[in-house]
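Close look at the chain arrangement
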Amino acid sequence: MSRLFYTTLAVVPADVRDQVGLGYLFARAADTIADTDLIDRPRRLDFLGQLKAQFVSDRISWSQIHEIQRAVGPLQQDSSERVLLERLEDCFRLYLDCSPEDRRRVQRLMTTLTQGMEMDLSCFPGQSVEDLTALKTVDDLDQYTYYVAGCVGEFWTDLMCAHRTSLASWDVRHMSDVGIRFGKGLQLTNIVKDIAHDLQKGRCYIPESMLDDVGLTPRDLLDQRNLPRFRPVLSRLVRMATEHLDQGWMYTMAIPRREMRLRLSCMWPILSAGESLKLVLQSPELLNPAVKVKIPRSRVYQILALTTFTGACGYVGTAYWGRLRKQIA
């Protein structure tokens, strides 16, 4: 998804690219803090709280940022994450250069996103299959997908409506609600695609209430032989994701065609998610942690080429999405 994100960011209109990129960098920094297993869970929650506190008001506590950098940065094995934390102070200086209105948008985004990361650390007490824990209800899953992705659709809509005059006729509140569903659909796609890998980390995002309906427990999903029994739940989750993505497609088609860059930046993740959901349903080894469900790079390039060379044409894109819908419905 990172490669697709960078490609998408490159096509976003220039007057909103910095704000989108900055929001992404802050989100990555928060995610890195939450995922640094060498730091105990209470301290990670504390560092997340310190990061979130920077977005509660316009005053930045540079000492808290430096503390996060010193404690978390050197522990990163991934060089890009280590560099990001080393440059976290620079990110905040760029943030302070944004207009007050754009700072408010980033503030709302980050105070919400970090709630999802705090929910991860609070709901899932361990980090291996020995401590496997699941979300309890479908409502919990819906809340989680809002925290970690739905709010991005909200941020995106508010930002684009403020800066792109072609969207002046949009009802911001209504389209923000649609954007929330767009984000939830992308996150649900990630959840069903990464089930086996999340289980190995002690995290089952499949609600216990859904598993109860087919006589399964979270631990049963560790056995690949239970995939046939799990398929009714999987189909329901894929249907939920697809219905959210349908709203995302409506959102995309509401963007005027002259805003080709904006259209493309929405088309690409939806069509990629559809291809991923198709693979999820077809995979005989979805519960095997040694197998990663991932669309081939050639298919990603096909999506980019088809939509770009046709100028983000709604007819072409909708035909592609409609064909995918028939394969995953």
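Read on for a plain summary of the structure. (Residues numbered from 1 in each chain as written. Predicted model: local features only at pLDDT ≥ 70, side-chain atom pairs only at ≥ 80, totals over all residues. Heavy atoms only, no water.)

1. Looking at the overall build of the protein
Across its full length, the protein carries 15 helices and two strands. Here the C-alpha radius of gyration of the protein, 20 Å, is about what a compact globule of 329 residues would show, namely 20 Å. Reported as C-alpha extents along the three principal axes, the dimensions of the protein are approximately 55 × 50 × 35 Å. Within the protein, the fraction of its 329 residues that count as buried is 54%. At a minimum sequence separation of 6, the contacts of the protein that also span at least 24 residues come to 75%. (Helix = DSSP H or I, 4+ residues; strand = E, 2+ residues; numbered from the N terminus. Rg over C-alpha atoms; globule rule 2.2 N^0.38 Å. Buried < 20%, exposed > 50% of the residue type's maximum accessible area, 1.4 Å probe, protein only. Contact = heavy atoms within 4.5 Å.)

2. Thoughts on unusual backbone geometry
It is generally the case that most residues other than glycine have a negative phi and that most peptide bonds are trans. Residues other than glycine seldom take positive phi values, yet Ala312 does so here, at roughly 60°. Position of Ala312 among the secondary structure elements: in the loop between helix 14 (297-309) and helix 15 (314-328).

3. So, the packing of helix 2 (residues 14-35) against helix 6 (residues 88-97)
Any two packed helices are characterised by how steeply their axes cross, that is the angle between the axes, and by the distance between the axes. Look at helix 2 against helix 6: their axes get within 11 Å of each other, and the N-to-C directions meet at 145°. Seen along the crossing, helix 2 lies across helix 6 with a hand that is left-handed. In this structure, helix 2 uses Leu22, Leu25, Phe26 and Ala29 to contact helix 6, whose residues at the interface are Leu88, Cys91, Phe92, Leu94 and Tyr95. (Axes fitted to C-alpha atoms, helices over the stretch in contact; angles between N-to-C directions. Left-handed = near helix turned anticlockwise from the far one by under 90°.)

4. Focus: the packing of aromatic side chains
Counted according to the given criterion, the structure contains 12 aromatic pairs. Measuring from centroid to centroid gives 6.1 Å for Phe92 and Tyr95, while their planes differ by 90°, and the two rings are edge-to-face. Here Phe92 and its partner Tyr95 are both found in helix 6, three residues apart, which amounts to about one turn of the helix. Of the two residues, Phe92 and Tyr95, neither departs from the other in class, the shared state being buried. Between the aromatic rings of Tyr146 and Tyr147, the centroid separation amounts to 6.1 Å while the plane-to-plane angle is 50°, which identifies the pairing as tilted. Summarising the burial analysis for this pair, Tyr146 and Tyr147 share the class buried. Three or more aromatic residues joined by ring pairs form one cluster here, namely Phe26, Phe55, Phe92 and Tyr95. Across from the ring centre of Trp62, 4.2 Å away, lies the NZ or CZ of Arg93, which sits over that ring. (Phe/Tyr/Trp six-rings, centres within 6.5 Å; stacked < 30°, edge-to-face > 60°. Lys NZ or Arg CZ within 6 Å of the ring centre and 35° of its normal.)

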